[in-house]
Amino acid sequence: DVGPLVRAGFGGAEEFSAPAADGTGVMHGMIVRPYGFDASKRYPLVELIYGGMQSINVSHDSFAATGMGSAPIVAALTSAGIGVAVVDGPGTPGRGKRFQDVTYGVWPSGVIANHVHWLEAASKANPWMDLSRVGIYGHSWGGYLAEMAMVDAPAVYKVAVAHAAPADLVDHSTYIEPFLGLPNHNPLAYERGSVLHRVNSFEGPILIMPAPLDANAAFSPGMKLANALIDAKKDFDLFIAPSNSHRKIGRAHV
């Protein structure tokens, strides 16, 4: 019974599914409406993305969008009058080998295009979603894909936050080799997967949050991206929590 939540202003949540852009299956997603929701109005939207090949983030047994510990972010955004979307596109697990194999050897090629395709379908069914005001937030691989969203679909994603994120796949060989193969066997995929080579395409603002004690994504990729953006004369925001590891940093980032 969500009656008490609704009376308190909770806008509600729903699942939404749409065919993948490449016809490889159906993408499932979750939409959380803003507090004080009014269907006659249009609201900005933030997509929470992970998109890694080993994890799904859309819950199918409850109205939740809490993947990668993002529940406080969902609460903060919806309380501020912003809708939230989470979607698992092709390449993610739990849907069978064919669905996951779509991105084998080419990840993240096509990932952002599928997320955009889902957003466009969702906005047609939910006119309150204002696709002229879309941001994207990601942690870890999600942070990397938030960076990629800014170069793959700058017309859709206007602002990004990348927390504890990779920036160049070569820095993360132990994580990515099972999905791309060795760098010397698949150099094109590794080259295409580097954000560092594409910073000239950045248009909107981005907040980069590398963590000095991060043993997963490390601190150096964030500094490499910052240096590349400086060289390209691109403005960006940088936030560093000196004693932080790969985990979320609580209230400081919401």
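Conventions we followed
- Residues numbered from 1 in each chain as written.
- Predicted model: local features only at pLDDT ≥ 70, side-chain atom pairs only at ≥ 80, totals over all residues.
- Heavy atoms only, no water.
- Helix = DSSP H or I, 4+ residues; strand = E, 2+ residues; numbered from the N terminus.
- Buried < 20%, exposed > 50% of the residue type's maximum accessible area, 1.4 Å probe, protein only.
- Contact = heavy atoms within 4.5 Å.
- Lys, Arg positive; Asp, Glu negative; His and termini not counted.
- Charge placed at Lys NZ, Arg CZ, Asp CG, Glu CD.
- Pairing = 2+ DSSP bridges.
- Axes fitted to C-alpha atoms, helices over the stretch in contact; angles between N-to-C directions.
- Patch = residues over 30% accessible without salt bridge, like charges linked within 9 Å, V, L, I, M, F, W, Y side chains within 5 Å.
- Areas by Shrake-Rupley, 256 points an atom, 1.4 Å probe, with all protein chains shown as cover.
- Salt bridge = Lys/Arg side-chain N within 4 Å of Asp/Glu carboxyl O.
- Phe/Tyr/Trp six-rings, centres within 6.5 Å; stacked < 30°, edge-to-face > 60°.
- Expected span 1.5 Å × (residues − 1).
- Core = buried A, V, L, I, M, F, W, Y, C linked by side-chain atoms within 4.5 Å.
- Right-handed = clockwise from strand over helix to strand, strands pointing away.

1. Describing the overall build of the protein
A tally of regular secondary structure across the protein gives 8 helices and 8 strands. By principal-axis analysis of the C-alpha atoms, the protein measures approximately 55 × 40 × 30 Å. In the protein, which comprises 254 residues, the proportion classed as buried is 52%. Counting only contacts in the protein whose residues sit at least 6 apart along the sequence, the fraction spanning at least 24 positions is 73%. Between the averaged position of the 18 positive side-chain charges in the protein and that of its 22 negative side-chain charges there is a distance of 4 Å.

2. Topic: the sheet that holds strand S8 (residues 237-238)
Overall, mixed pairing links the 8 strands, which are arranged S1-S2-S4-S3-S5-S6-S7-S8 in an open sheet. Each edge of the open sheet is held by one strand with a lone partner, namely strand S1 (13-19) and S8. Strand direction decides the pairing type here: S1 and strand S2 (residues 26-32), joined by 7 bridges, are antiparallel. Paired with Ala18 across the strands is Met27, a residue of S2. Strand contacts of helix H5 (residues 141-152): strand S3 (43-49), strand S5 (129-139), strand S6 (157-163) and strand S7 (206-209), with the helix running at about 155° to S6, the strand carrying the most contacts. Against the sheet, helix H8 (residues 220-231) contacts S7 and S8, and its axis sits at roughly 145° relative to S7.

3. Remarks on a nonpolar patch on the surface
The grouping of Val2, Leu5, Val6 and Tyr35 at the surface amounts to a nonpolar patch, some 320 Å² of accessible area in total. Here Val2 is to be found in the segment before helix H1 (3-7).

4. Re the environment of Pro178
Here Pro178 lies in helix H6 (residues 173-180). Residue contacts for Pro178: discarding those within four places in its chain leaves Tyr104 and Ser173.

5. Considerations on the packing of aromatic side chains
Counting across every chain of the model gives 8 aromatic pairs. Ring centres 5.0 Å apart and planes at 75° place the aromatic pair Trp107 and Trp141 in the edge-to-face group. A residue pair is termed long-range when its members are at least 10 positions apart, and Trp107 in the loop between helix H3 (97-101) and helix H4 (111-125) and Trp141 in helix H5 qualify at 34 residues. The burial state of Trp107 is the same as that of Trp141; both residues are buried.

6. Considering H8
In a regular helix each residue adds 1.5 Å, so 12 residues correspond to 16 Å; H8 covers 16 Å between its end C-alpha atoms and thus fits that length. The inward-facing, buried residues of H8 abut H5 and S7. Lys233 sits one or two positions beyond H8 and adopts a positive phi of about 60°.

7. A word on the nonpolar core
Across soluble globular proteins, nonpolar side chains have a tendency to be buried as a group. Formed by 50 residues in total, the largest nonpolar core has its most connected members in Trp107, Ile112, Trp118 and Tyr157. The dominant element in this core, judged by the number of residues it contributes, is H5, at 8 residues. For Trp107, the residues in contact, after removing those within four places along its chain, are Gly51, Gly52, Met53, Trp141, Tyr144, Leu145, Leu169, Ile176 and Leu180.

8. Remarks on the pairing of S5
A large share of S5 lies buried, amounting to 8 of its 11 residues. When S3 meets S5, the two strands line up parallel, connected through 6 bridges. Bridged to Glu47 within S5 is Ile136. In this sheet, S6 lies alongside S5 in parallel orientation, the contact comprising 6 bridges. From the neighbouring strand, Ile136 faces S6, where its bridge partner is Ala160. With H5 bridging S5 and the parallel S6, this β-α-β connection has right-handed handedness.

9. Observations regarding the pattern of salt bridges
Enumeration according to the criterion identifies 6 salt bridges in this entry. Measuring nitrogen to oxygen at the nearest pair gives 2.5 Å for the salt bridge that ties Asp101 to Lys97. Highlighted residues: Asp101 and Lys97, both in helix H3, separated by 4 residues, approximately one helical turn. Residue classification places Asp101 among the partly exposed positions, given a relative accessible area of 34%. For Lys97, a relative accessible area of 63% gives the class exposed.

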